[in-house]
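# Coordinates in review
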Amino acid sequence: MSPALHILDAIDSTNAEARRRAEAGETASQWIVARRQSAGRGRRGRNWESETGNLFSTLLFLTQKAPAEAAQVTFVAALAVADLLDAFAVPGSVRIKWPNDVLIGGQKAAGILIESGAHASGSLWLAVGIGVNLAHAPDLTERPATSLAAHLRPDIAYPPSVEAAAGVLAGAFTVWQDRWDRFGFQPVLDAWTARTQGLDGPCVARLGHETVTGIADGVAPDGALRLRTADGALRLISAGDVFFGEAA
């Protein structure tokens, strides 16, 4: 059965609400969607601008997977977002940037933030936060951002409503999550790799305590970025701010 879809007029953060529900003992899988957020968050505690008309959502569910395996859900989420955007955007314009930024025309149109914790039932709870720029793109971002509204197919006049986008996203996520659960990570990784740019060219990874420069050499079986440095050493990057191609 598909998770319930709860659409709220306003909330501080859909991820924060998912955490509250998980820590209160809720066990049902559910989507929490808000028309407006007052305290949206991106990676590394960055603010996530929350203009009305964009999609702010979190899928909360429990899993028996170990934390390292459960982290693969970020690839499931990226594919689901790409499918959502593909349904409305100019054909061929949607791509993924490692690990989970979804781009339209080379510019960021969505962000994904995964949080987790121990549930009272003994399971792991996962909050898969997904923000999609449907109608508006934020200004003054570190990297150029865009919105779906700027890349619509010629036969589509307006971006989807929050309700419609949430429904498409939830359906796509269910498809990819089912493949992950039934067949393992490899089919998900293969589909993700086919959509991802920059995995075979110049690359710079900012890791907080250091910056690593080299050539991207694909991804490891667990989804970590393979980065070959100038001295021939291979670094496996599991998280960080990564720039590919000319941006590197």
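Preceding this paragraph is the structure being described.
Below is a short write-up of the structure.

Calculation criteria
Residues numbered from 1 in each chain as written. Predicted model: local features only at pLDDT ≥ 70, side-chain atom pairs only at ≥ 80, totals over all residues. Heavy atoms only, no water. Core = buried A, V, L, I, M, F, W, Y, C linked by side-chain atoms within 4.5 Å. Buried < 20%, exposed > 50% of the residue type's maximum accessible area, 1.4 Å probe, protein only. Contact = heavy atoms within 4.5 Å. Salt bridge = Lys/Arg side-chain N within 4 Å of Asp/Glu carboxyl O. Helix = DSSP H or I, 4+ residues; strand = E, 2+ residues; numbered from the N terminus. Phe/Tyr/Trp six-rings, centres within 6.5 Å; stacked < 30°, edge-to-face > 60°. Expected span 1.5 Å × (residues − 1). Pairing = 2+ DSSP bridges. Axes fitted to C-alpha atoms, helices over the stretch in contact; angles between N-to-C directions.

This brings us to the nonpolar core. Judged by nonpolar contacts, the single largest core of 62 residues is most densely connected at Leu55 and Trp192. Not counting the four nearest positions on each side in its chain, Trp192 is found in contact with Phe75, Ala78, Leu79, Ile96, Trp98, Pro99, Leu199 and Val219. By size, the runner-up hydrophobic cluster in this structure holds six residues, among which are Ile32, Leu60, Trp125 and Ala127.

For the structure shown, the criterion picks out 17 salt bridges. A salt bridge links Arg195 to Asp83; the shortest N-O distance between them is 3.3 Å. Of this pair, Arg195 sits in helix α5 (residues 185–195) while Asp83 sits in helix α3 (residues 73–86), and the two are 112 residues apart along the sequence. Judged by its relative accessible area of 16%, Arg195 falls in the buried class.

Overall, the coordinates contain three aromatic pairs when judged by the stated rule. With centroids separated by 5.7 Å and ring planes inclined at 85 degrees, the aromatic side chains of Trp31 and Phe173 adopt a geometry described as edge-to-face. Here Trp31 is found in strand β2 (residues 30–34), whereas its partner Phe173 is found in helix α4 (residues 162–183), with 142 residues between them in sequence. Under the relative-accessibility criterion, Trp31 is labelled buried at 2%. Here the aromatic residues Phe75, Phe185 and Trp192 are joined through ring pairs into a cluster of three or more.

What follows deals with α4. Residues spaced three or four apart along an α-helix face the same direction, because each turn holds 3.6 residues. An ideal rise of 1.5 Å per residue puts 32 Å on 22 residues; α4 measures up with 31 Å between its terminal C-alpha atoms. Along α4, the residues that are buried comprise Val162, Ala165, Ala166, Leu169, Ala170, Ala172, Phe173, Trp176, Gln177 and Trp180. One or two positions beyond α4, positive phi appears at Gly184, with a value near 90 degrees.

Spatially, β11-β10-β9-β8-β12 is the arrangement adopted by the five strands of the open sheet, whose pairing is antiparallel. Edge strands, defined here as strands with exactly one partner in the open sheet, are β11 (234–237) and β12 (241–244). Across the sheet, the axes of successive neighbouring strands diverge by a mean angle of 40 degrees, strand direction being ignored.

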